[in-house]
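So the chains spell out like this:
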Amino acid sequence: MAAVAIKIINQSANPLPEYATSGASGMDIRASLKAPVTLKSLERALIPTGIFMEIPEGFEVQVRPRSGLAIKHGLTCLNTPGTIDADYRGEVKVILINLSNEDQVIHNGDRIAQLVVQKVEQATWIASETLSETVRAAGGFGHTGKQ
């Protein structure tokens with residue numbers, strides 16, 4: 001499978017994001033901090049990474065939580081998955097929230113999230129007065145009663 005080429009600028013002292021295994025979907029991204037950041041319970045912060053990207057048109061990069069941080073420390077990403085659009089050129093930053101009952105400290109170089117590259121398509125809206133019928137119709141939000 002051919003990999004998509006993405007230009008990247010790394011202004012941090014951390015290594016570039018990379019896949020941990022050959023079958024991995026996400027690449028860990030690290031905090032780029034001058035000083036540690038302490039998140040109190042239910043507190044959130046925007047954590048810089050020092051990474052800037054030029055994503056090809058037709059792709060996005062999603063920012064997703066790391067399962068290890070969630071289960072071990074109660075840290076997760078808000079607005080997840082976060083979307084980095086192809087035309088964005090600013091620094092990648094991660095919105096972290098502490099869902100634990102204890103203070104959590106983020107240090108420079110800590111792996112704080114993962115990046116997943118996805119192909120995307122843009123839609124064209126077709127204004128209409130009717131939609132086709134389906135068995136489901138307007139049923140949603142648990143309408144099947146299955147758990």
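Right, let's walk through the structure included here. (Residues numbered from 1 in each chain as written. Predicted model: local features only at pLDDT ≥ 70, side-chain atom pairs only at ≥ 80, totals over all residues. Heavy atoms only, no water.)

**Re the sheet that holds strand β4 (residues 44-54)**
Pairing within the open sheet is antiparallel, and its 4 strands lie in the order β1-β4-β8-β6. The sheet terminates laterally at β1 (7-10) and β6 (75-77), the two strands that pair on one side only. Going across the sheet, the axis of each strand differs from the next one's by a mean of 40°, ignoring polarity. Direction of pairing for β4 relative to strand β8 (residues 91-98): antiparallel, over a ladder of 6 bridges. Opposite R44, over in β8, you have I97 as the bridge partner. (Pairing = 2+ DSSP bridges. Helix = DSSP H or I, 4+ residues; strand = E, 2+ residues; numbered from the N terminus. Axes fitted to C-alpha atoms, helices over the stretch in contact; angles between N-to-C directions.)

**Concerning the sheet that holds strand β7 (residues 82-84)**
To summarise the sheet geometry, strands pair through backbone hydrogen bonds and adopt either a parallel or an antiparallel arrangement. Taken together, the 4 strands give an open sheet; going across it, the order is β2-β10-β5-β7, and neighbouring strands pair in antiparallel fashion. Two strands close off the open sheet at either side, each with one partner strand: β2 (27-30) and β7. Across this sheet, the average inter-strand angle for adjacent strands is 35°, counted without regard to direction. As judged from the 6 bridges shared by strand β5 (residues 59-64) and strand β10 (residues 111-119), these two strands associate in the antiparallel manner. If you follow V61 over to β10, its bridge partner there is V117.

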